[in-house]
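# Descriptive structure summary
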Amino acid sequence: MPPRRNEKYKLPVPLPEGKVLDDMEGKQWVLGKMIGSGGFGLIYLAFPTNKPDKDARHVIKVEYQENGPLFSELKFYQRAAKKDYIKNWIELKQLDYLGIPLFYGSGITEFKGRSYRFMVMERLGIDLQKISDQNGTFKKSTVLQLGIRMLDVLEYIHENEYVHGDIKAANLLLGYRHPDRNNCMLHPSENRHCRLFTAQVYLADYGLCYRYCPNGNHKQYQENPRKGHNGTIEFTSVDAHKGVALSRRSDLETLGYCLLRWLCGSLPWERSLRDPAAVQAAKTKYAWPVG
């Protein structure tokens, strides 16, 4: 049963390191140290009990069972992003990889009388927001390659009836498995020819994803001012400002704002972020014509 959406999300009490979690397929996972937290959930390093390894290759996201975002992310993976689906898509499109983190399992666990939902994912590296904060803007060639990689991801999730809904640098993470390849990007002054796109980049966090076309039936366009201005205000689409349900167009518009930010270092409406209506007006003013 899905969580009730009108209930306020609460950050869970941390689970103890070393706790063993049993997923729905009977696999066991040991919690490592906590490495992150958000407004509603926690992230831990994780180790399969049958393959102990000092260098964790997995993470576990946990939240209270009654919360909503992890449930939404889990449903996305179960419906649209199983490992076999992604593998087949990569072969069909002749890609070297697809920037969607791999899903390994999920389940429910108990701690101090509370039920926790958990989800096991592949471990990723540093996010692009941290890299941008360290190094400023990206080269034009880097921005273009990031755009291509994200279009690959969006084509896949859109074909599978979903939109992401929260594209931004903090949700784009480097792969963890090739730290030597990624290191030059973190220190570009040491190698002028080093480029970001030599690393694998993944679009993560599907907690706000939206099924825009369930069973082939596209959701109707309808403005709702009470739901207006949702999302990360710098990058949210004009439709989201109007309270319209997210669509493929929203994802592409948001990606466009991100590309401009990475290339130019700022967006025209950044001084007005406390006034969502002014941000919406600025985005409408600068909008390119849509044919």
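The structure this text deals with has already been given above.
Residues numbered from 1 in each chain as written. Predicted model: local features only at pLDDT ≥ 70, side-chain atom pairs only at ≥ 80, totals over all residues. Heavy atoms only, no water.

### Quick look at the environment of Lys227
Looking at where Lys227 falls in the secondary structure, it is placed in the loop between strand 11 (210-211) and helix 6 (238-241). Setting aside residues no more than four positions away along its own chain, Lys227 makes contact with Ala240 and Gly243. (Helix = DSSP H or I, 4+ residues; strand = E, 2+ residues; numbered from the N terminus. Contact = heavy atoms within 4.5 Å.)

### Overview of the sheet that holds strand 7 (residues 124-127)
Hydrogen bonds between backbone atoms are what pair the strands of a sheet, whose relative direction is either parallel or antiparallel. Sheet architecture is open: 3 strands sit in the order 7-9-10, paired in antiparallel fashion. At either end of the open sheet lies a strand with only one pairing partner, and these are strand 7 and strand 10 (201-203). Ignoring strand direction, the axes of neighbouring strands in this sheet form an average angle of 45°. Relative to strand 9 (residues 172-175), strand 7 is paired through 2 bridges, and the arrangement is antiparallel. Within strand 9, the residue paired with Asp127 across the bridge is Leu173. (Pairing = 2+ DSSP bridges. Axes fitted to C-alpha atoms, helices over the stretch in contact; angles between N-to-C directions.)

### Things to note about the environment of Lys130
Mapped onto the fold, Lys130 is located in helix 3 (residues 128-135). Of note is the side chain of Lys130, whose polar atom sits 2.7 Å from the side chain of Asp127. (Polar contact = N/O pair within 3.5 Å; in protein donor to acceptor, adjacent residues only side chain to side chain.)

### Details of the side chain of Asp166
On the secondary structure map, Asp166 appears in the loop between strand 8 (162-163) and strand 9. Exposure remark for Asp166: the relative accessible area of 11% places this residue in the buried category. A polar contact is formed between the side chain of Asp166 and the side chain of Thr232, at a distance of 3.2 Å. Beyond its immediate stretch of four places on either side in the chain, Asp166 contacts Asn171, Leu208 and Thr232. (Buried < 20%, exposed > 50% of the residue type's maximum accessible area, 1.4 Å probe, protein only.)

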